[in-house]
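Coordinate analysis (summary)
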Amino acid sequence: MWLAVILACATTEVTTCDTLVRTKGFFNSRAECAINLDKIAPAVSLTNYYVKTYCFELTALGESA
């Protein structure tokens, strides 16, 4: 499972950053996650935020990565 995350910062200072996590479920592949972020990130950038996206792979507790 993959989790989509956006780091949005009002300035280049790390203290102005917010983490946005997609709450509508997980993705089955990294590619699906990246496609979703590619659609969302430009909209966030238009609000004058610096944006960095990343897809995190999740594993169930007790499972190895």
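Residues numbered from 1 in each chain as written. Predicted model: local features only at pLDDT ≥ 70, side-chain atom pairs only at ≥ 80, totals over all residues. Heavy atoms only, no water.

Observations regarding the overall build of the protein chain
So the rule is basically this: Helix and strand assignments come from DSSP, with helices taken as H or I runs of at least 4 residues and strands as E runs of at least 2, each series counted from the N terminus. For every residue, the accessible area obtained with a 1.4 Å probe (protein chains only) is divided by the maximum for its type, and the residue is called buried under 20%, exposed over 50%, and partly exposed between those limits. Throughout, a contact is declared for two residues whenever any of their heavy atoms are within 4.5 Å. Residue burial considers only the protein chains on display, and all accessible areas are found by Shrake-Rupley using a 1.4 Å probe. Note that His is not counted, nor are the chain ends; the positive residues are Lys and Arg, and the negative ones are Asp and Glu. Taken as the charge location is NZ of Lys, CZ of Arg, CG of Asp or CD of Glu.
When its secondary structure is counted, the protein chain shows one helix and three strands. The secondary structure elements of the protein chain, listed N-terminal to C-terminal, are β-β-α-β. With respect to the three principal axes, the spread of C-alpha positions in the protein chain is 40 × 25 × 15 Å. A total of 65 residues make up the protein chain; the buried ones form 22% of that total. A sequence separation of at least 24 residues applies to 58% of the contacts in the protein chain between residues at least 6 apart. Total accessible area on the protein chain is roughly 4900 Å²; 58% of this is exposed by carbon and sulfur atoms. One way to put it: in the protein chain the 5 positive side-chain charges average out to a point 7 Å from where the 6 negative ones average out.

Some remarks on unusual backbone geometry
Look at Asn48: it is not a glycine, yet its phi comes out positive at around 65°. Mapped onto the elements, Asn48 comes out in the loop between α1 (30-45) and β3 (50-57).

Description of the packing of aromatic side chains
As a reminder of what qualifies: Any two rings among Phe, Tyr and Trp, with Trp reduced to its six-membered ring, count as a pair given centres within 6.5 Å; such a pair is stacked if its planes are under 30 degrees apart, edge-to-face if over 60, and tilted if neither. Working rule: Lys NZ or Arg CZ, within 6 Å of ring centre, within 35 degrees of ring normal, means a charge sits over the ring.
For the structure on display, the rule yields one aromatic pair. A ring pair is formed by Tyr54 and Phe56, whose centres lie 4.7 Å apart and whose planes are at 65°; its orientation type is edge-to-face. Given the relative accessible area of 43%, Tyr54 is considered partly exposed. Sitting over the ring of Tyr54, Arg30 keeps its end group 5.4 Å from the ring centre.

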